[in-house]
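Observations on the model geometry
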Amino acid sequence: MVLKTPIYMDHAATTPCDPRVVEAMLPYFTESFGNPGSRNHSFGWAGEEAVKKARKQVADLIGADPKEIIFTSGSTESNNLAIKGAGAMYARKPVGETGRGHVIVAVHEHKAVLDPCKWLMKQGFDVTFLEPAIDGIVTEEMVKSAIREDTILVTVMWANNELGTINEVPEIGALCKARNIVFHTDATQWVGKMPVDVNADNIDLLSLSGHKIYGPKGVGVLYVRRRRPRIRLVALQDGGGQERGFRSGTLNVTGIVGLGKACELYAQEADAERERLLAMRNRIEEQITARLSNVQVNGHPTRRLAHLTNISFGFVEGESLMMATSEIAMSSGSACTSASLEPSYVLKGIGVGDDMAHSSLRLSLGRWTTDEQVDFTIDKICEAVDKLRKLSPLWDMYNEGIDLTKIEWAAH
Ligand SMILES: Cc1ncc(COP(=O)(O)O)c(C=O)c1O
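This section reports on the structure supplied with the text. (Residues numbered from 1 in each chain as written. Predicted model: local features only at pLDDT ≥ 70, side-chain atom pairs only at ≥ 80, totals over all residues. Heavy atoms only, no water.)

Here we look at the nonpolar core
Selection rule: Take the buried Ala, Val, Leu, Ile, Met, Phe, Trp, Tyr and Cys residues and link them wherever side-chain atoms come within 4.5 Å; each set so joined is a nonpolar core. Any residue under 20% of the maximum accessible area for its type is buried, any over 50% is exposed, and the rest in between are partly exposed; the area is computed with a 1.4 Å probe on protein chains only. Secondary structure elements follow DSSP: runs of H or I no shorter than four residues count as helices, runs of E no shorter than two count as strands, and numbering proceeds from the N terminus.
Ranked by size, the top nonpolar core spans 54 residues in total, and within it Ile62, Phe71, Val143, Val154, Trp158, Leu206 and Leu259 carry the most contacts. A per-element tally of this core places helix α8 (residues 253–291) first, with 9 residues. Core analysis: the next-biggest nonpolar cluster, separate from the first, contains 25 residues, Ile284, Ile328, Cys382 and Ala384 among them.

Here it is in structure tokens:
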């Protein structure tokens, strides 16, 4: 059978909607289109029922009470609400003053966490940016040594979106709990792949997103702890007071129904899926490192999500590698902006050199990835790297035994 291309190997960026999710959503576009806020007729009640069911499906997935589930437009909004909302609520000094409180985050977080933290800095908060070691893990120890008497918020993602590395979230949560510090985790890449229990894992605020777990785009959740302790937030948008006042705006019923269904499917299928993807991911890493020299798998060797790998290839140029493997949809560590070629700040943040950061590929497998697709991907990448290296003068010099670090390049 001829393999259909392009092949999708970018499930950490977004996932297709599961057809069962779409099926669950469809009636809410046309027949059951009521606004859950319409309390005085059956159309509204049907919408409200649907949202209630989805709220429970999400809550069950993460061990929460349905009342603790706040629907948002996705993880970007959830992160903004958690970080800015907690900053404003727990500030120690009024607006306009400095020293309003201390926040801890890590340098390789998603921009949807880093930018709200930078916003807090402009509002008079101090922010510590933790720098993880080359394994990419944020440890309990790192957070412990950064905590200050005025620390009000710690935000550490559960699994990193470029590396798949897994931070010490339950341990960091326990540390924060013991010190009455609010703890937020961006669990966008974790939920739907690994189990969550917000109580056992000591989490106060947790962000998740529909489109990373075979649900629709434009819907997500912020979990907000209600008991022991009750977490309060300043809302970012005002209006109809939906979602207990945390997030005004008519609810995205179709999206919410889809997200609920996606969560329910996880409960039934995740363990088998994880095993299957881990075997494929390991085959990719084993084959590529066996067939090519000067290759490095980035991040911690084992403390990583099962479906994701991030590999750097020495002596190839990132953009050329992407072009030579265009039948495969994957992410590159080399983000081409109009003016400059900036290597991934995540890889740089953990100490990967510019060259290896530029020539990195992130492959993330998913529910419908097949063995044939995996084999094709391995072959294509190995062929492309071989071909590009044959054209590279640096590769020739390296093979002749020349130490490239000692060369003084003349600038003209
Ligand atoms: C770790 C992480 N946080 C936040 C986001 C943003 O999520 P959304 O697209 O739902 O706004 C992403 C998506 O790329 C992500 O991977």
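Describing the sheet that holds strand β12 (residues 331–332)
The condition is simple: For two strands to count as paired, DSSP must find a minimum of two bridges between them. When checking whether two residues touch, look at their non-hydrogen atoms; a contact exists if any pair is within 4.5 Å. Note on definitions: angles span 0 to 180 degrees between N-to-C directions of axes, and those axes are lines fitted to C-alpha atoms, for helices only across the stretch in contact.
Strand order in the open sheet formed by 4 strands is β9-β10-β15-β12, with antiparallel pairing between adjacent strands. A strand with exactly one partner marks an edge of an open sheet, and here the two such strands are β9 (295–297) and β12. Taken together, the 2 bridges between β12 and strand β15 (residues 360–364) define a ladder with antiparallel strand orientation. Bridging across to β15, Ser331 finds its partner in Arg362. Where α8 meets the sheet, it contacts β9 and β10 (308–313), and its direction lies at approximately 15° from that of β10.

So, the layout of surface pockets
Counted only if it meets this: Two kinds of site are reported from a 1 Å grid over the protein atoms alone, namely cavities, where a 1.4 Å probe fits but cannot get out, and pockets, open sets with protein on both sides within 12 Å along at least five of seven lines, and residues are called lining when an atom falls within 4 Å of a point. Grid points are joined across faces, edges and corners, and a volume is the space filled by probe spheres set on the points. Residues were grouped as follows: Ala, Val, Leu, Ile, Met, Phe, Trp, Tyr, Cys and Pro as nonpolar; Asp, Glu, Lys and Arg as charged; and all remaining residues, including Gly, as polar. As annotated, the domain borders come from an automatic or database domain assignment.
Volume-wise, the largest pocket comes out at about 540 Å³. Lining the largest pocket we find 33 residues, and of these His110, Asn161, Glu162, Tyr345 and Arg362 sit closest to its centre. Where the lining of the largest pocket is concerned, the elements lending two or more residues are α4 (75–90), α5 (111–122), β12, β14 (341–343), α10 (345–349) and β15. Counted by class, the lining of the largest pocket contains 10 nonpolar, 17 polar and 6 charged residues. Taken domain by domain, the makeup of the lining of the largest pocket includes at least three residues from each of domain 1 (7–11 + 270–393) and domain 2 (19–266).

Regarding the pairing of strand β4 (residues 126–130)
We apply this condition: Classification remark: right-handed applies to a crossover when, strands pointing away from the viewer, the course from the first strand over the helix to the second runs clockwise.
Examined bridge by bridge, strand β3 (residues 102–106) and β4 share 5 bridges and lie parallel to one another. From the neighbouring strand, Ile104 faces β4, where its bridge partner is Thr128. Crossover connection from β3 via α5 to parallel β4: handedness right-handed.

Focus: the packing of aromatic side chains
Our working rule: Stacked, edge-to-face and tilted are the three classes for Phe, Tyr and Trp ring pairs, Trp counted by its six-membered ring, which pair at centre distances within 6.5 Å; planes under 30 degrees apart are stacked, over 60 edge-to-face, the rest tilted. We call a charge positioned above a ring when the Lys NZ or Arg CZ atom is no farther than 6 Å from the ring centre and deviates by at most 35 degrees from the ring normal.
For the coordinates displayed, the defined rule picks out 6 aromatic pairs. Measuring from centroid to centroid gives 5.3 Å for Phe33 and Phe43, while their planes differ by 40°, and the two rings are tilted. You can see Phe33 sitting in the loop between α2 (27–30) and α3 (42–62) and its partner Phe43 sitting in helix α3, a full 10 residues away along the chain. Accessibility expressed as a relative area gives 43% for Phe43, which makes it partly exposed. Ring geometry for Phe315 against Tyr398: centres 4.6 Å apart, planes inclined by 40°, an arrangement best described as tilted. A residue pair is termed long-range when its members are at least 10 positions apart, and Phe315 in the loop between β10 and α9 (318–324) and Tyr398 in helix α13 (residues 393–399) qualify at 83 residues. Residue class for Tyr398 comes out partly exposed when judged on its relative accessible area of 34%. Put simply, the rings of Phe315, Trp395 and Tyr398 touch in pairs and so form one group of aromatic residues. Sitting over the ring of Trp119, Lys84 keeps its end group 5.0 Å from the ring centre. Over the aromatic face of Tyr345 sits the side chain of Lys111, whose NZ or CZ is 4.2 Å from the ring centroid.

Describing the pattern of salt bridges
Formally: When a carboxyl oxygen of Asp or Glu lies within 4 Å of a side-chain nitrogen of Lys or Arg, that pair is called a salt bridge.
Taken as a whole, this structure holds 22 salt bridges when the rule is applied. With its nearest N and O atoms 2.9 Å apart, the salt bridge here joins Glu273 to Arg367. Placement of the pair is Glu273 in helix α8 and Arg367 in the loop between β15 and α12 (371–390), with a sequence separation of 94 residues. Judged on exposure class, the residue Glu273 and its partner Arg367 are both buried. A salt bridge links Arg291 to Asp379; the nearest nitrogen and oxygen atoms lie 3.0 Å apart. In this pair, Arg291 is assigned in helix α8 and Asp379 in helix α12, connecting sequence segments 88 residues apart. A residue is classified by how much of its surface remains accessible, and Arg291, at 42% relative accessible area, is partly exposed. The network of salt bridges with shared partners includes Asp18, Arg20, Glu269, Glu273 and Arg367.

Things to note about the environment of Gly85
You can see Gly85 is positioned in helix α4. C-alpha of Gly85 to C-alpha of Leu233: the two residues are 148 residues apart in sequence and 4.6 Å apart in space. Excluding residues within four positions of it along the chain, Gly85 makes contact with Asn80, Leu233, Val234 and Leu236.

Digging into helix α7 (residues 169–178)
This is how it is decided: Comment: arc refers to directions from the helix axis out to C-beta atoms.
Val169, Ile172, Gly173, Leu175 and Cys176 are the residues of α7 that are buried. The arc that holds the buried residues of α7, viewed along the axis, is 160°, so those residues lie on one side. Tucked inside the fold, the buried residues of α7 contact α6 (140–146), β5 (151–155) and β6 (182–186). The first or second residue beyond α7 is Asn180, which carries a positive phi of 60°.

Here's the deal with the packing of α4 against α5
Applied cut-off: Relative orientations are named as follows: roughly parallel for angles under 35 degrees, roughly antiparallel for angles over 145 degrees, roughly perpendicular for angles from 65 to 115 degrees, and oblique for any other angle. Two helices that cross are described as forming a left-handed crossing if the nearer one is turned anticlockwise from the farther one by less than a right angle, and a right-handed crossing if clockwise.
The interhelical angle for the contact between α4 and α5, taken along N-to-C directions, is 25°, at an axis separation of 9 Å. On the basis of their axis angle, the class for α4 and α5 is roughly parallel. Our pair here, α4 against α5, has a crossing hand that is right-handed. Of the residues in α5, those in contact with Thr76, Asn79, Asn80, Ile83, Lys84 and Gly87 of α4 are Ala112, Val113, Pro116, Cys117, Trp119 and Leu120.

Re unusual backbone geometry
Each neighbour pair has its own omega, and for Thr5 with Pro6 the value is 0°, a cis peptide bond. Assignment of secondary structure puts Pro6 in the segment before β1 (7–8). Each neighbour pair has its own omega, and for Arg228 with Pro229 the value is -5°, a cis peptide bond. Checked against the element boundaries, Pro229 lands in the loop between β8 (220–224) and α8.

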